[in-house]
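The primary structure of each chain is shown beneath.
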Amino acid sequence: TPSALPDTIEKPNDYIFSVHSPVAVHLPAVEKFLSQFSNGRIVTIAQDNPWGLAHQRVFKQAVEKTGNLAVKEIVLPKSDNNDIQGELTRVNSLNPDAILVASNFYDTANLLKRRIELRLPSKVLIEQKVIEMYNNGQLSAEVLDDVVTFRFADPSLSFIRDFQDFYDRYPGQYSDTAYDAVYLIKKSIEASNKADAESIRSGLKKIADHQGASGRIDFTDNNYPENKFSILEILKDGQFVKSAE
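The rules behind each value
Residues numbered from 1 in each chain as written. Predicted model: local features only at pLDDT ≥ 70, side-chain atom pairs only at ≥ 80, totals over all residues. Heavy atoms only, no water. Pairing = 2+ DSSP bridges. Helix = DSSP H or I, 4+ residues; strand = E, 2+ residues; numbered from the N terminus. Axes fitted to C-alpha atoms, helices over the stretch in contact; angles between N-to-C directions. Contact = heavy atoms within 4.5 Å. Buried < 20%, exposed > 50% of the residue type's maximum accessible area, 1.4 Å probe, protein only.

Q: Could you give me a rundown of the sheet that holds strand E2 (residues 69-76), with the residues and numbers involved?
A: The strands making up a sheet associate through hydrogen bonds between their backbones, and the pairing can be parallel or antiparallel. The sheet built from seven strands is open, its strands ordered E2-E1-E3-E4-E5-E8-E9 with mixed pairing. Each edge of the open sheet carries a strand with a single partner, namely E2 and strand E9 (239-242). On average, each strand axis in the sheet is inclined to that of its neighbour by 25°, with strand direction left out of account. Across the sheet, helix H2 (residues 50-65) is in contact with strand E1 (41-47), E2, strand E3 (98-102), strand E4 (123-127) and strand E5 (147-152); its angle to E1 comes to roughly 165°.

Q: So what's going on with helix H3 (residues 84-92)? Which residues, and what values?
A: Side chains three or four residues apart in an α-helix point the same way, a direct result of the helix having 3.6 residues per turn. Within the span of H3, buried status applies to Ile-84, Gly-86, Glu-87, Leu-88 and Val-91. Where H3 is buried, its residues meet E1, E2, E3 and helix H4 (105-117).

Q: Describe the environment of Ala-109, naming the residues involved and giving the relevant values.
A: Relative to the assigned elements, Ala-109 resides in helix H4. Judged by its relative accessible area of 11%, Ala-109 falls in the buried class. With 132 residues separating them in the primary sequence, Ala-109 and Val-241 have C-alpha atoms 20 Å apart. Not counting chain neighbours up to four residues away, the residues in contact with Ala-109 comprise Met-133 and Leu-139.

Q: Mind laying out helix H1 (residues 27-34), listing which residues take part and the relevant values?
A: Counting buried residues in H1 gives six out of eight residues, a clear majority hidden from the surface. Buried within H1 are the following residues: Leu-27, Ala-29, Val-30, Glu-31, Phe-33 and Leu-34. Where H1 is buried, its residues contact E1, H2, E3, E4, E5 and strand E8 (230-236).

So, in structure tokens, the structure goes:
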């Protein structure tokens, strides 16, 4: 799989390989964001699914490691369209310094808009889908004030260049890992000249230093690489740029 994050796969086994890094690689970036607060009051919000709960674990670890205080951990029960206004009204009374968020599209838009309406002074750190939503016109620049987003690192520069030359556009979020997934299977089949499941699995487990579009891939210890790192970005002059926070 090019897109399933390893720590969101509910039942891992030896035949599931992910070319993508886990949610856990975001921990240093979340810590960096939280380092601006001293004994800060932090609220975390995440979906009640493996993806959301993996983010919630990262948020919790980062809050503890930076010496801040988690005053409320909210788990949204539905996959989307939750009672965000009700949750934020309760959050407002806690006077938080920051809100950490991993939510789906409608909840993300609703949360950022209701935050402005309720005049919540808190800074927000939120998962990367806000970039896509802003670029698609689903979010305005106004609601992204004091909002920092975290996302995975870009593909290799050579892959970006080749992709743009061929398709005349920037690679999508999983273009690099999808490209690598195809060529890793090819590499595994060619190693044994066999295409049965066991031969492919065995071949993938031997991949140790593959320099792919998404970075260095090694499957010898885990069935996934840790080749991505995390980037903090803010909206500035209509573009998302790296944040100093």
